[in-house]
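Per-entry structural report
These are the residues of each chain, in order.
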Amino acid sequence: MKYTQLGRTGLKVSRLVLGTMNFGPQTDEAESHTIMDAALGAGINYFDTANVYGWGENKGRTEEIIGSWFAQGGGRREKTVLATKVFGNMAGDGDVWPNHDKLSAVNIRRAVDASLKRLQTDHIDIYQFHHIDRDTPVDEIWQAIDVLIKQGKILYAGSSNFPGWKIAQANEQAARRGMLGLVSEQCLYNLAERRAEMEVIPAAQEYGLGVIPWSPLQGGLLGGVLKKEATQGRRASGRAAETLADPKGRAQIQAYEDLVDKHGMAPGEVALAWLLTRPGVTGPIVGPRTAEQLESALRALELELPEELLADLDTVFPGPGPSPEAFAW
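Residues numbered from 1 in each chain as written. Predicted model: local features only at pLDDT ≥ 70, side-chain atom pairs only at ≥ 80, totals over all residues. Heavy atoms only, no water.

**Quick word on the environment of glycine 220**
Looking at the element boundaries, glycine 220 is found in the loop between strand 9 (210–214) and helix 8 (225–232). Since its relative accessible area comes to 32%, glycine 220 is described here as partly exposed. Counting along the chain gives 20 residues from glycine 220 to alanine 240, while the straight-line C-alpha distance between them is 6.2 Å. When neighbours within four sequence positions are excluded, glycine 220 is seen to be in contact with Val225 and Ala240. (Helix = DSSP H or I, 4+ residues; strand = E, 2+ residues; numbered from the N terminus. Buried < 20%, exposed > 50% of the residue type's maximum accessible area, 1.4 Å probe, protein only. Contact = heavy atoms within 4.5 Å.)

**What about the packing of aromatic side chains?**
Within a pair of aromatic rings, the relevant descriptors are the distance that separates the centres and the angle that separates the planes. On inspection of all chains with the given rule, the structure shows 7 aromatic pairs. Centroid distance tyrosine 53 to tryptophan 55: 5.5 Å. Interplanar angle 50 degrees. Geometry classified as tilted. When its relative accessible area of 40% is taken as the criterion, tryptophan 55 is described as partly exposed. Grouping aromatic residues by their ring pairs yields a cluster made of Phe47, Trp69 and Phe70. When the ring centre of phenylalanine 70 is taken as reference, the NZ or CZ atom of arginine 77 above it lies at 5.4 Å. (Phe/Tyr/Trp six-rings, centres within 6.5 Å; stacked < 30°, edge-to-face > 60°. Lys NZ or Arg CZ within 6 Å of the ring centre and 35° of its normal.)

**Describing the side chain of arginine 15**
Here arginine 15 is to be found in the loop between strand 2 (12–14) and strand 3 (17–19). No salt bridge forms around the buried arginine 15; measuring N to O, its nearest opposite-charge neighbour glutamate 304 is 9.6 Å away. There is a polar contact of 3.4 Å between the side chain of arginine 15 and the backbone oxygen of leucine 276. With residues up to four places along the chain from it excluded, the contact list for arginine 15 reads Met1, Lys2, Tyr3, Thr4, Leu276, Val281, Thr282, Gly283, Pro284 and Leu301. (Lys, Arg positive; Asp, Glu negative; His and termini not counted. Salt bridge = Lys/Arg side-chain N within 4 Å of Asp/Glu carboxyl O. Polar contact = N/O pair within 3.5 Å; in protein donor to acceptor, adjacent residues only side chain to side chain.)

**A look at the side chain of lysine 85**
Relative to the helices and strands, lysine 85 is located in strand 5 (residues 81–86). Within the local environment of lysine 85, its side chain forms a polar contact with the side chain of aspartate 48, the two groups lying 2.8 Å apart. Among the polar contacts listed, one links the side chain of lysine 85 to the side chain of tyrosine 53, at a separation of 3.2 Å. The contacts of lysine 85, once residues within four sequence positions are left out, are Asp48, Thr49, Ala50, Asn51, Tyr53, Gln128, His130, Ser160 and Gln186.

**A few points about empty space enclosed by the protein**
Applying the stated criterion across every chain, the model contains 1 cavity of 30 Å³ or more. Computed from the structure, the largest cavity encloses a volume of approximately 90 Å³. Among the elements that take part in the lining of the largest cavity, helix 5 (residues 138–151) stands out by supplying 3 residues, more than any other. Looking at the lining of the largest cavity, its residues break down into 8 nonpolar, no polar and 2 charged. (1 Å grid on protein atoms, 1.4 Å probe; cavity = no way out; pocket = protein on both sides within 12 Å on 5 of 7 lines; lining within 4 Å. Points joined across faces, edges and corners; volume = space filled by probe spheres on them. Nonpolar A, V, L, I, M, F, W, Y, C, P; charged D, E, K, R; others polar.)

**Overview of the pattern of salt bridges**
Between side chains of opposite charge, a pair can form when the charged atoms approach closely. For the coordinates displayed, the defined rule picks out 15 salt bridges. With a shortest N-O distance of 2.7 Å, glutamate 29 and arginine 61 are connected by a salt bridge. Here arginine 61 lies in helix 2 (residues 61–70) and glutamate 29 lies in helix 1 (residues 29–41), a separation of 32 residues in the sequence. Residue arginine 61 is classed as partly exposed on the basis of its relative accessible area, which comes to 29%. A salt bridge links glutamate 63 to arginine 118, with the shortest nitrogen-to-oxygen separation between them at 2.8 Å. Of this pair, glutamate 63 sits in helix 2 while arginine 118 sits in helix 4 (residues 105–119); the two residues are 55 residues apart in sequence, bridging distant segments of the chain. Here glutamate 63 matches arginine 118 in class, with each residue buried. When salt bridges that share partners are traced, they join Glu29, Arg61 and Glu64 into one network.

Next up, the structure:
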């Protein structure tokens, strides 16, 4: 396994991040434990989750599965850099009580204690804001985080789905309080979705945040979806299906799969390996449903993408260009 510093911190993390969103909804507890054991055995030390994972009436279930895995001992918790998130409404479906979501000091305090209980641990390494909160002052958020750090309940704060200006605002406010501020940003970023290159990633680099791309395969779109459709009869869904419904989108993905095939590589592994070449990227989040999918993701670490292929990928999936040149003279 290859490791790198998380942004400007002294924390060393693996170049692949284990995403756990499928644990519970699609992968049962026993198989989830098997995947986590395999990930840790392969050297992946960065595990990502969120308090809402499990979804619907089962919100929190994913954290519970991770907690029961930690409870088995064997150094599992000590070897893991644990990241979870706060923002989503944790009240039961149809329950309209206020203050059960977003980033008020009240909800942050409630949410972190609930996550610690489900995770069966006394601290969270990286506590992440799952989305921006337009209603809560940034100073209130940092005051709540400062209390949690002093209590030893969290060590670092991170963001997810933040625009570049919000990263700047948050870290300028933190600096005025004498705090470290955000150390990581999770954003949607992959070959097919490169808008983060305009402002989010430059802001993260400027303020020393590690960039953690989520959905590195764009909902399966970059994982050989057309070949699977032709050979296995597997139909795309969600984000991938929307792209393939457009003839131009389908042609683009066909060009991608043909290009990767010419080099004798697997589409999903190339998509992950490409992210590992991007400036500012700490490591993409992989969310395996099975141990076999984890093995495929690990192979991406060994891929060396030739310059010719990297140039051709830019032709198939051109980036937006830097800001402001992308939209100005």
